[in-house]
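# Structural overview for review
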Amino acid sequence: MHTFEPTTDAEEIERVPAADGELALRRAGEHYEIISNGCFLMDTRAGASERLLARTALAAVTAPGDLRVLVGGLGVGFTLRETLTDPRVAHVRVIEREPAVVRWGRGPLAPFSGHALDDARVHVVTADLVAWVRSGAGDERFHALCLDIDNGPDWTVTDGNASLYDDAGLAALRERLAPGGVLTVWSATASPGFADRLRGHFARVRVERVPVARGEPDVVFVAQEG
Ligand SMILES: C[S@@+](CC[C@H](N)C(=O)[O-])C[C@H]1O[C@@H](n2cnc3c(N)ncnc32)[C@H](O)[C@@H]1O
């Protein structure tokens, strides 16, 4: 997903300043693309691995209800939409750094998320996820942390995001999990070093691969206590 080339004949809808650069929303036919500093970030065409990010986390959670989920970041909302299909989910905290992405999510991208931002269970925080996780803001704990803010642990969209995936970042994420909680992390590359690092923090770690039209499969890392 995040690694396709931008469509050359796409029409630019809006371009805004963003963390470390700029962000653009482009339309190509019925579909939209989000471009970060000229680099493809996400589009509305596919989404299988983004949905799996939520589905595989929630499948591993055994709690019967009142689930709390964190989704970071929003993108076009495929992961968020998937969380809302689980009737056990009572609260979804979305952490998205770019205000424009949230605005687009309520505007032209709303149909692609099934208007997920209007769901009463969804609570959006416009913030840097890396800082938010480490700050202890709100002291919230989650049954599932579904993270997709980069092209992967080895391919971050901004330099500051790298510290989400180091030992201190993983320790902070673990602190955010409720008992029996699950962490899932999206990646465009296999990142074996990251899988090993996860094993240093979580008892159970597995790697799901999702075939894509071109190139390496997308990867979802799944990490859980006990
Ligand atoms: C690839 S998209 C997410 C795709 C999403 N899984 C979906 O289903 O559409 C990555 C998102 O993370 C956001 N993002 C990047 N770095 C972030 C950070 N440090 N904190 C919060 N959001 C961030 C981007 O603005 C973008 O909306």
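Residues numbered from 1 in each chain as written. Predicted model: local features only at pLDDT ≥ 70, side-chain atom pairs only at ≥ 80, totals over all residues. Heavy atoms only, no water.

What follows concerns the domain arrangement of the chain. The accessible area lost on association of the parts is a frequent measure of interface size. Structurally, the chain comprises domain 1 (11-43) and domain 2 (48-224). Each of domain 1 and domain 2 has a C-alpha centre, and these two points are 21 Å apart. Across the contact, 17 residues belong to domain 1 and 17 residues belong to domain 2. Between domain 1 and domain 2, a total of about 1,400 Å² is buried, with carbon and sulfur atoms accounting for 72% of that surface. Where domain 1 meets domain 2, there are one salt bridge. Of the charged contacts in the structure, one is a salt bridge between Glu14 and Arg103, with a shortest N-O distance of 2.8 Å. Linking domain 1 with domain 2 are three residue pairs in polar contact (both at pLDDT 80 or more), by the criterion used here. Taken together, the elements giving at least two residues each to the side of domain 1 that touches domain 2 come down to strand 1 (11-18), strand 2 (21-28), strand 3 (31-36) and strand 4 (39-43). Among the elements that make up the side of domain 1 that touches domain 2, the one with the highest residue count is strand 4 (five residues). (Domains from an automatic or database assignment. Contact = heavy atoms within 4.5 Å. Buried area = accessible area lost by both parts, 1.4 Å probe. Salt bridge = Lys/Arg side-chain N within 4 Å of Asp/Glu carboxyl O. Polar contact = N/O pair within 3.5 Å; in protein donor to acceptor, adjacent residues only side chain to side chain. Helix = DSSP H or I, 4+ residues; strand = E, 2+ residues; numbered from the N terminus.)

So, on to the nonpolar core. Among the nonpolar cores identified, the biggest contains 43 residues, and Leu23, Ile34, Val69, Leu80, Val92, Trp104 and Leu109 are the most heavily contacted of them. Per element, the largest residue contribution to this core is six residues, and it comes from helix 1 (residues 48-60). Mapped onto the domain boundaries, this core takes at least three residues apiece from domain 1 (11-43) and domain 2 (48-224). Sequence-distant contacts of Trp104, that is, excluding residues within four places in its chain, are made with Glu14, Val16, Leu23, Ala24, Leu25, Ile34, Leu109 and Ala110. Grouped together as the second largest cluster of nonpolar side chains are 27 residues, Ile95, Leu145, Leu147 and Ala172 included. (Core = buried A, V, L, I, M, F, W, Y, C linked by side-chain atoms within 4.5 Å. Buried < 20%, exposed > 50% of the residue type's maximum accessible area, 1.4 Å probe, protein only.)

Taken together, 23 residues are adjacent to the ligand, and Val76, Glu96, Leu129, Asp148 and Asn161 come closest. Measuring from an oxygen atom of the ligand, one finds a backbone N or O atom of Leu74 at 3.4 Å. Coverage of the ligand by the protein chains reaches 99% of its 600 Å² of free accessible surface. Broken down by secondary-structure element, the contributors of at least two residues to the shell around the ligand are strand 4, helix 2 (78-83) and strand 6 (89-96). By residue class, the composition of the shell around the ligand is eleven nonpolar, six polar and six charged. (Near = heavy atom within 4 Å. Areas by Shrake-Rupley, 256 points an atom, 1.4 Å probe, with all protein chains shown as cover. Nonpolar A, V, L, I, M, F, W, Y, C, P; charged D, E, K, R; others polar.)

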